[in-house]
Amino acid sequence: MAKNIQAIRGMNDYLPGETAIWQRIESTLKQVLGSYGYSEIRLPIVEQTPLFKRAIGEVTDVVEKEMYTFEDRNGDSLTLRPEGTAGCVRAGIEHGLLYNQEQRLWYIGPMFRHERPQKGRYRQFHQLGVEVFGLQGPDIDAELIMLTARWWRALGIADHVSLELNSIGSLDARASYRDALVAFLEQHVDKLDEDCKRRMYSNPLRVLDSKNPDVQTLLNDAPKLGDYLDEESREHFAGLCAYLDAAGIGYTVNQRLVRGLDYYNRTVFEWVTTSLGSQGTVCAGGRYDGLVEQLGGRAAPAVGFAMGLERLVLLVQAVNPEFKADSVVDIYLVASGNGTQTAAMLLAEAVRDAFPAGKLMTNYGGGNFKKQFARADKWGARVALVLGENEVANRQVVVKDLRSGEQQTVAQSEVATHLQTLLG
Ligand code: ATP
Ligand code: MG
C-alpha cells in the first residue's frame, strides 16, 4: 500500500479540539483592538521576493536562510511572507494610505520561515501584527504597549510576561555605534564563536543578542549603544518611559535588545516570558521610520509589532487554565419514534430562529434514547431536547437539564424561552 502523505514538517494542523481556544483568544484580541479604534487590513500571503530583501535586509537570518522562495510559472521569484510589516507597507504605498495620513492597522494570519521546528517555533506560524503610520511621537509607542498590556490582563497572563525596552537611535547613531562595536570585537576575535565572527561585519548588532554566555561576558566591556544615541532619540525614549511610568506599566531597559530585522530605529521592545522555555518572546516590535521611504513611498513615520499566536496560546494554556474555550454544543436534540426525525429537524431550525445564540446539535443516525444521551454527554451539552411520538403529536418537547437531571414538558412554541432561562 502507498505510504500516507503527511503534513510538511513544522506546519501544523489545528484540530477541532484546539480551534475553540484559538477562537476565544483571537476574539479577545480583536475586541481590544476595536476598543482603540484600529482597523483590520488583509494582505496576500505571497509577495515578490525583492520586497522582503529590501525591507528586512539581505544579511538578516530571515532573508539569508529562512525564506520560502520559489519561481512561479512566469519565472517570477515569489516568497511566502515571513512577516507582515513589509507587505503592509507595500500595500499602504500602493493604495496611497500613508502619505500625510494616519493609519492604525492590524492583521492576522500565517507566516512562513524555514527554521528548526521545536516547541514555540514552527515553519508555518501565525502572527497578529499591528502597524501605525503617520505618527512620530512617543505617545503612540506608549499606546501600543498599553494595548498589549490590556491584552495580557484580558487573557489573565499579565503576571507572566515582562516588558523589555530599548532605543537603538537614528540610523546615523547606529552607524557610528556599529563602527565602535566592530572595533571592539576586532580586538577580541579570539573570544567570539563562529556565528558571531560571521556577523561581526555583516550585522554586528546581532552579536549583542548572542546566546553564548562567554560572548555575553565579553560584551560587559563593549561600548554601550546608549552612549551613542542622538539627542532626539534620547528625548523620544525619555518621553516613552514617562508615559509608561504614568500608566503604571513596568519595564526593564535592556541595552542589548536589538531586533533581528534591519528596518527598526529608536524604540524597540519585546514582551518576554519565562514560562515557555527558550522560545520566550511572545511579542516584539518597534519604530521603523525609514521603511516607507526605503520601499519607494514618501517618508512617513511608523511603529508596530507582531505577536506570535502559537506562543501566546501555549502561554495562556500554561498559566491560565481557567481561560477555557466556549462550549461547542449547549443543546442536544434527541428524537426516537416514527416521524420524529423530520419533526426534530424542523424544531431545531425553529429554535435557531428564536434563540440564535444557542448552539444546538441535532442527533443524526438514529439510535435508542440511551445511545443518543451518551452522544449528548460526549459533546458536553447542558440541555437535551427530547422528542418522542407523543411530543410530536402534541406539539410539545421535553426539556432536560443534563446537570440536575430535572426535566419538564413544554409547548414547542415556548421552548426558546425555557432554553434562554436555563442557559443564561
Ligand atoms: P525569535 O527570537 O523567536 O526567533 P524573531 O525575532 O525572529 O523571534 P519576529 O520576527 O520579531 O521574531 O516575530 C515576532 C514574533 O513572532 C516573535 O516574538 C514570536 O512570538 C513569533 N515567531 C517568530 N518566529 C516564529 C516561529 N518560527 N514560530 C512561531 N512563532 C514565531
Ligand atoms: Mg527568529
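As the structure is a computational prediction, the values presented were derived from the model and not from experiment. (Residues numbered from 1 in each chain as written. Chains lettered and ligands numbered in written order. Predicted model: local features only at pLDDT ≥ 70, side-chain atom pairs only at ≥ 80, totals over all residues. Heavy atoms only, no water.)

Draft legend 1. Structural detail: the overall build of the protein. Of regular secondary structure, the protein possesses 15 helices and 16 strands. The C-alpha radius of gyration of the protein comes to 28 Å, more than 25% above the 22 Å expected for a compact globule of 424 residues. Along the three orthogonal principal directions, the C-alpha set of the protein runs to about 90 × 60 × 45 Å. Counting all 424 residues of the protein, 50% fall into the buried class. For the protein, the proportion of contacts with a sequence separation of at least 24, taken over those separated by at least 6, is 70%. (Helix = DSSP H or I, 4+ residues; strand = E, 2+ residues; numbered from the N terminus. Rg over C-alpha atoms; globule rule 2.2 N^0.38 Å. Buried < 20%, exposed > 50% of the residue type's maximum accessible area, 1.4 Å probe, protein only. Contact = heavy atoms within 4.5 Å.)

Draft legend 2. Representation of the sheet that holds strand E3 (residues 68-71) within the structure. Sheet architecture is open: three strands sit in the order E2-E4-E3, paired in antiparallel fashion. A single partner strand is all that each edge strand has here, and the edge strands are strand E2 (46-48) and E3. Between one strand and the next, the sheet's axes are offset by a mean angle of 35°, whatever the strand orientation. In this sheet, strand E4 (residues 77-80) lies alongside E3 in antiparallel orientation, the contact comprising four bridges. (Pairing = 2+ DSSP bridges. Axes fitted to C-alpha atoms, helices over the stretch in contact; angles between N-to-C directions.)

Draft legend 3. Representation of the domain arrangement of the protein. When its domains are assigned, the protein resolves into domain 1 (16-169 + 229-319) and domain 2 (331-423). For domain 1 and domain 2, the distance between their C-alpha centres works out to 47 Å. (Domains from an automatic or database assignment.)

Draft legend 4. Just the site of ligand 1, in detail. Taken together, 15 residues lie near ligand 1, and Arg 113, Glu 115, Tyr 122, Arg 259 and Thr 281 sit nearest. Taking Glu 115, its side chain carries an N or O atom lying 2.7 Å from a nitrogen atom of ligand 1. The backbone of Gly 308 places a nitrogen or oxygen atom 3.4 Å from an oxygen atom of ligand 1. Protein contact buries 87% of the 580 Å² of open area that ligand 1 shows by itself. Contributing elements (two or more residues each) for the shell around ligand 1: strand E6 (124-133), strand E10 (281-287) and strand E11 (302-308). At four residues, E10 tops the list of elements feeding residues into the shell around ligand 1. In the shell around ligand 1, the residues fall into six nonpolar, four polar and five charged. (Near = heavy atom within 4 Å. Polar contact = N/O pair within 3.5 Å; in protein donor to acceptor, adjacent residues only side chain to side chain. Areas by Shrake-Rupley, 256 points an atom, 1.4 Å probe, with all protein chains shown as cover. Nonpolar A, V, L, I, M, F, W, Y, C, P; charged D, E, K, R; others polar.)

Draft legend 5. Summary view of the sheet that holds strand E14 (residues 383-387). An order of E13-E12-E14-E15-E16 is seen for the five strands of this open sheet, with the pairing classed as mixed. Taken across any chain shown, the strands that pair with only one partner, and hence form the sheet edges, are strand E13 (360-362) and strand E16 (407-411). Across the sheet, the axes of successive neighbouring strands diverge by a mean angle of 25°, strand direction being ignored. In the sheet, strand E12 (residues 331-335) pairs with E14 via five bridges, with the strands oriented parallel. Looking across to E14, one finds that Ile 331 is bridged to Val 383. Those strands touched by helix H13 (residues 369-378) are E12, E14 and strand E15 (396-401), and its axis lies near 170° from that of E12. Across the sheet, helix H15 (residues 415-423) touches E12, E14, E15 and E16, and the angle it forms with E14 is around 155°.

Draft legend 6. Layout of the packing of aromatic side chains. Applying the stated criterion across every chain yields a total of ten aromatic pairs. Across the ring face of Phe 323, the terminal group of Arg 24 is positioned such that the distance to the ring centre comes to 4.0 Å. When the ring centre of Tyr 99 is taken as reference, the NZ or CZ atom of Arg 298 above it lies at 4.1 Å. (Phe/Tyr/Trp six-rings, centres within 6.5 Å; stacked < 30°, edge-to-face > 60°. Lys NZ or Arg CZ within 6 Å of the ring centre and 35° of its normal.)

Draft legend 7. Examining unusual backbone geometry more closely. One non-glycine residue, Asn 100, lies in the positive phi region at around 55°. You can see Asn 100 is positioned in the loop between helix H4 (85-94) and strand E5 (103-112). One non-glycine residue with positive phi stands out, namely Arg 266, at about 50°. When you line up the elements, Arg 266 lands in strand E9 (residues 265-272). The exposure class assigned to Arg 266 is buried, which follows from its relative accessible area of 16%.

Draft legend 8. How the structure looks around the pattern of salt bridges. Going through the model one piece at a time under the given rule, you end up with 16 salt bridges. Across the salt bridge formed by Asp 209 and Arg 206, the nearest N and O atoms sit 3.2 Å from each other. On the basis of relative accessible area, Asp 209 is assigned to the partly exposed category, the value being 22%. Its salt-bridge partner being Arg 287, residue Asp 289 comes within 2.8 Å of it at the nearest N-O pair. Residue Arg 287 is classed as buried on the basis of its relative accessible area of 0%. Via salt bridges that share partners, Glu 47, Arg 90 and Glu 94 belong to a single interconnected network. (Salt bridge = Lys/Arg side-chain N within 4 Å of Asp/Glu carboxyl O.)

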